[in-house]
Every structure is written in C-alpha cells, then in structure tokens.
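# Coordinate inspection notes
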Amino acid sequence: MSIKKSLLLLLVPFFLLADDTQGLENLTLDQALEIMKANNLELKISKFNEQMKEYEAKVAQGYSFGKLDATFQAARSNDAGNVFGFKLKSREANFGDFGFDQFLGAFGQAMVDANGNPDFNSFAQNMGNPQTQAQLLAIQPTNLNYPETRNHYQTTISYMIPIFTGGKLSQYRKITKALHEMSQLDTEKLFNEKVFQTKKTFCDIALLDHYILNLNNILSNIDKLEEIVSNMQKEGFAKELDSLEVQARKSEAQSMLSQANFNRELAYQYLSFLLNTEVNSIETHERIAPMPNIVQEDVNENNLDIQQAELGLEITDMNIRLQQANFLPEVGAMAEYGSSDDKAFNEFREKDFYTIGIQAKWNIFNGNIDKNNLEKAKVENLKVREQVSLAKKGIYLKVRKSITEIKSKDADIASLEKQLEFASRVYETYQEQYKEGISSISDVLMKQSKELEVLLKLLTVKNDRNNKIFELNSIINEGELL
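Residues numbered from 1 in each chain as written. Predicted model: local features only at pLDDT ≥ 70, side-chain atom pairs only at ≥ 80, totals over all residues. Heavy atoms only, no water.

### Some thoughts on the overall build of the chain
- Looking only at helices and strands, one finds 14 helices and 4 strands in the chain.
- When each of the 482 residues of the chain is scored for burial, the buried share is 34%.
- Put simply, 82% of the contacts in the chain that link residues at least 6 apart link residues at least 24 apart.
- Split by element, the accessible area of the chain, about 29,300 Å² in all, is 55% carbon and sulfur. (Helix = DSSP H or I, 4+ residues; strand = E, 2+ residues; numbered from the N terminus. Buried < 20%, exposed > 50% of the residue type's maximum accessible area, 1.4 Å probe, protein only. Contact = heavy atoms within 4.5 Å. Areas by Shrake-Rupley, 256 points an atom, 1.4 Å probe, with all protein chains shown as cover.)

### Observations regarding the packing of helix H10 (residues 240-275) against helix H14 (residues 441-476)
- Where H10 contacts H14, the axes come no closer than 9 Å and their chain directions differ by 15 degrees. Relative to H14, the element H10 lies roughly parallel. Where H10 crosses over H14, the handedness of that crossing is right-handed. Residues Asp-242, Glu-245, Val-246, Arg-249 and Met-256 of H10 pack against Ile-441, Ser-442, Leu-445, Gln-448, Ser-449 and Leu-452 of H14.
- Considering only residue class, the contact of H10 with H14 consists of 5 nonpolar, 3 polar and 3 charged. (Axes fitted to C-alpha atoms, helices over the stretch in contact; angles between N-to-C directions. Parallel < 35°, antiparallel > 145°, perpendicular 65-115°, else oblique. Left-handed = near helix turned anticlockwise from the far one by under 90°. Nonpolar A, V, L, I, M, F, W, Y, C, P; charged D, E, K, R; others polar.)

### So, the pattern of salt bridges
- Under the definition given, this model contains 24 salt bridges.
- One salt bridge in this structure joins Arg-150 and Glu-92, with 2.9 Å as the shortest N-O distance. Taken together, the residues span a long stretch of sequence, with Arg-150 in strand S2 (residues 150-164) and Glu-92 in the loop between helix H4 (80-89) and helix H5 (100-109) at a distance of 58 residues.
- What makes Glu-92 partly exposed here is its relative accessible area of 27%.
- Here Lys-200 ties to Asp-204 by a salt bridge, and the two come within 3.2 Å at their closest N and O atoms. Placement of the pair is Lys-200 and Asp-204 together in helix H9 (residues 168-234), with a separation of 4 residues, close to one helical turn.
- Connected via shared salt-bridge partners are Glu-92, Arg-150, Asp-341, Glu-347 and Lys-351. (Salt bridge = Lys/Arg side-chain N within 4 Å of Asp/Glu carboxyl O.)

### Structural notes on the side chain of Ser-402
- Mapped onto the elements of the fold, Ser-402 is located in helix H13 (residues 369-435).
- In contact with Ser-402, other than residues within four places in its own chain, are Leu-472 and Ile-475.

### What about the sheet that holds strand S1 (residues 67-77)?
- Sheet architecture is open: 4 strands sit in the order S1-S2-S3-S4, paired in antiparallel fashion. Edge positions in the sheet fall to S1 and strand S4 (352-361), since each of these pairs with one other strand and no more. Pairs of neighbouring strands in the sheet enclose a mean axial angle of 20 degrees, with direction left out of account.
- Looking at chain direction, S2 and strand S3 (residues 330-341) are connected through 11 bridges and run antiparallel. Residue Tyr-159 lies in a different strand from S3, and its bridge partner there is Ala-335.
- Relative to S2, H4 is tilted by about 65 degrees, and along the sheet it contacts S1, S2 and S3. (Pairing = 2+ DSSP bridges.)

### A short note on the confidence of the model for the chain
- With 84% of its residues at a pLDDT of 70 or more, the chain shows a mean pLDDT of 85.
- At the low end of the mean pLDDT range in the chain sits helix H1 (residues 3-17), at 42; at the high end sits helix H3 (residues 41-62), at 96.
- Scored below 50 in pLDDT, residues 1-20 makes 15 contacts in the model with residues more than four places away or belonging to other chains. (pLDDT = per-residue confidence, 0-100.)

### Thoughts on the pairing of S4
- A small share of S4 lies buried, amounting to 1 of its 10 residues.
- Relative to S4, S3 runs antiparallel, the two being bridged by 10 bridges. Residue Gly-338 lies in a different strand from S4, and its bridge partner there is Phe-353.

### Digging into H14
- Helix length check: H14, at 36 residues, gives a terminal C-alpha distance of 53 Å against a target of 52 Å (1.5 Å per residue), a fit within 8%.
- One or two residues past the end of H14 sits Asn-477, with phi positive at roughly 60 degrees. (Expected span 1.5 Å × (residues − 1).)

Structure (structure tokens):
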C-alpha cells in the first residue's frame, strides 16, 4: 500500500467524526469498519484487558530480578532495652552503660582496712565474705536501668534474590505471557464478531431500504388501482365492495411500510451503537458476497478458537512443569548494608554494618498435596489435548455446514428470482383483466400480495446468504485485520 493511500485511510475516520453531532451521512461499509475499529466500546474494553495482562506478565518477569529496599528508621526512646540496643547498634556501648561506675566504687571499698588503708588481706577477706558478695551482686546499675532518652537513626539497604526455584519463576513468566497472548486472541475474536455485526447490519438496512422502496411502489400501484376502481364504479362496472377491498389493501400496505420504517430506524440505532458514532444514512446497494476459498489446513491454522485451544494446551504443559518444581529445593540469597547513630547519617562509614546470607528450603512432606496437584495438572493436559482435537474437527464441520447452507441459499435465490418474475407478470395480467371485467378486484389484490410475498422471500434469502458468508469469513479468520 502506498504512503498516500495509508494517510488517506488514517484520515477518513477523522473527517467522518468531525461532524459527529449531526451524524454521519452516506457512510460506506469500509468507512464504517474503520470507525468501528477505532471507536467500538467493547473493543476498547478488551484492549484494556490486554494491557492488564501485559503488565501481569511484566510483574512475573520482575520477580526474577530480586528485591532491593532502602529503609530509613527514626526513633526516640527511654526504654532500657531500646536505649542499650540503640547504643549497641551505633557501636557506642561501654562498661559505664552496665553500671560499672557503681560496681567499681563498691569494689574499691572492699580493698581497704578499717583505717582506710589499702590492704590485700582485707580485700581477700571481704571478697570471701558471702555478705559482701551479696551486696556487690545486689547493686542495680542506674545507667543501665534508667538511661537517658536517646534518638536513633538507622539507614539500611537490603537486597534479596531467588537463586534457584526449581523452574517456578520461569514457568510463571511463560504462563503470564501466554495469558497475554490469549487476551489478544480474545480481542481478535471480538473484532471479528463486530465486523460480522457491522456487515450484517449494513445488509439488514439494505434489505429494509429495498423492501420500503417496493412497498412505496406497491402503494403507488394501489393508488392507481383505486383510481381505476373509482372510475369504473362511476360507470357502473365496479361495485362498492371493490373500492372497500382496495382501501383495506392500501391500509395493510401502509401498516407494513410503517413497520419497515421502524425496523430501519432500529437498525440505524444498532449501527450507531456498534460505531459509537451517530449514523444518519449509509450507502447501500444489493451485493452478493463472494464465497471464500476454503482449505482445511488454513482453517486449522487461522481459526481463533483453534488457536486458543492450542495455546491453552501449551499453558497446561507449562503448568505440569510448574507443579513438578514443587518437588525441588528453593534457594535464595540476601545482603544487607547500613549504619546507625543518634544523629541522621552521622559517621556513616565508621558505624556501618553488613549481613550476607543464603537460605535453602526443601519440602519433605505435605500430605501428598504436591503429588496430587501434579496428577491433576497431567489430567488437565490430557483433557485440553482432546479439546484441541475436538475444536479442529468441530470447526471444520461447522465450515462444511455453512458451505452447504450457502449453496442451498444460492439454489433458493435462483428459484425465487424466477418465481418473482412469474408473479410480476401474473399481477400485470390480472390487472389488465380487471380493467376488461374478466377478473375480480380480489384476484388482482391476491396476485399483488403474492408478488410482494415472493419479493420479501427473495430479499430475505439473499440477506441470509450474505450473513452466512460473513459468518464463514469470521470462522476462517480472513479479511479484516485488527
């Protein structure tokens, strides 16, 4: 595709939406599909779900890189245990914190005699005295029990990383990535459904337009017939009952026209909902959608339900490996570096500390929970494997059924076109015969009803055929790209 065509394709929705308040006029199907692709609310919601799944995959990937935390703590306390711990953390603890000043005073008194002179014999005697020993041990250090209030600031950087998890993290990454791909397939399926609904609504509107046009023609013919009956009644060749039959037929046709217009309005409302943009009119013309080329291998490769089933099978394979990882050990490492002081970031290098470690954990027994989860995962894998086979056969059966139905519709169209041609000729013939007094007005109106009935059947079958083609395109996933 050339650059000019690409730019034009991008700018078409912009110009169409510029006058959104009044609604779009003469919208083509290609333009409608572009607007639907950009504006449809269900598609937007599905794309948001895609983004969430993508972030979940990134979260799962992030666990492999470990966790680095920086922690800053600030505290103030006069609790004896806390204050001593603060000093110890800050590498400032001394013997004075244990009350050695009081102990040394009592210890010195034990080294003097009654006259106050140092005497080793007196010291040995006093220290051997159980009463003296009890007095020394009974001293309660004031600095330790009743410390002054102290501030404490600690800065720590810690890093933890898994070294070996038996493959759990890698399988989590693969599973979340596969779930993201599954959400993308969900969006594609939704997009195909909205393409089908948009095309179907265009065909419905085209059918109603054609039907309304023919009803207007019939009403015009009834008006002419009413005038003919009126003239013949004046000349005595027609009865009043003929006029009443024509009026009743006219009233019935007007009612059908009114109902068709209401249905047309509902179709436009639904189209506006699909496009999330007001649409006033579209370009419609009778179109026969071409039959796509069907190759079973291409269907198996492109069908979104089959792709999802195969992706689901891959996820169950990953889940088996994930459950097997529960039988292997888990190993992790940690490192911590920091510093503490009674002032923030004071003498950081002089009072710093570090800790490094490694941990290994291996479950020995948990009531066979891991074993049963593994067996469950294997059974799930077998089930999904059969579902993939069923999906392939079921989808291709659905394709063959659609092809058969389309061929049947083609035959019906050919038959109804001949019937319509015959019904139109019969109606014209009976109308001329009525003028000549050969046929009754009831016969004329009956043939007109038959013509309308065949026409409606023909338009409905053509519409059904196109819908079957659109549905088939959706199944084989060809045509529009998201």
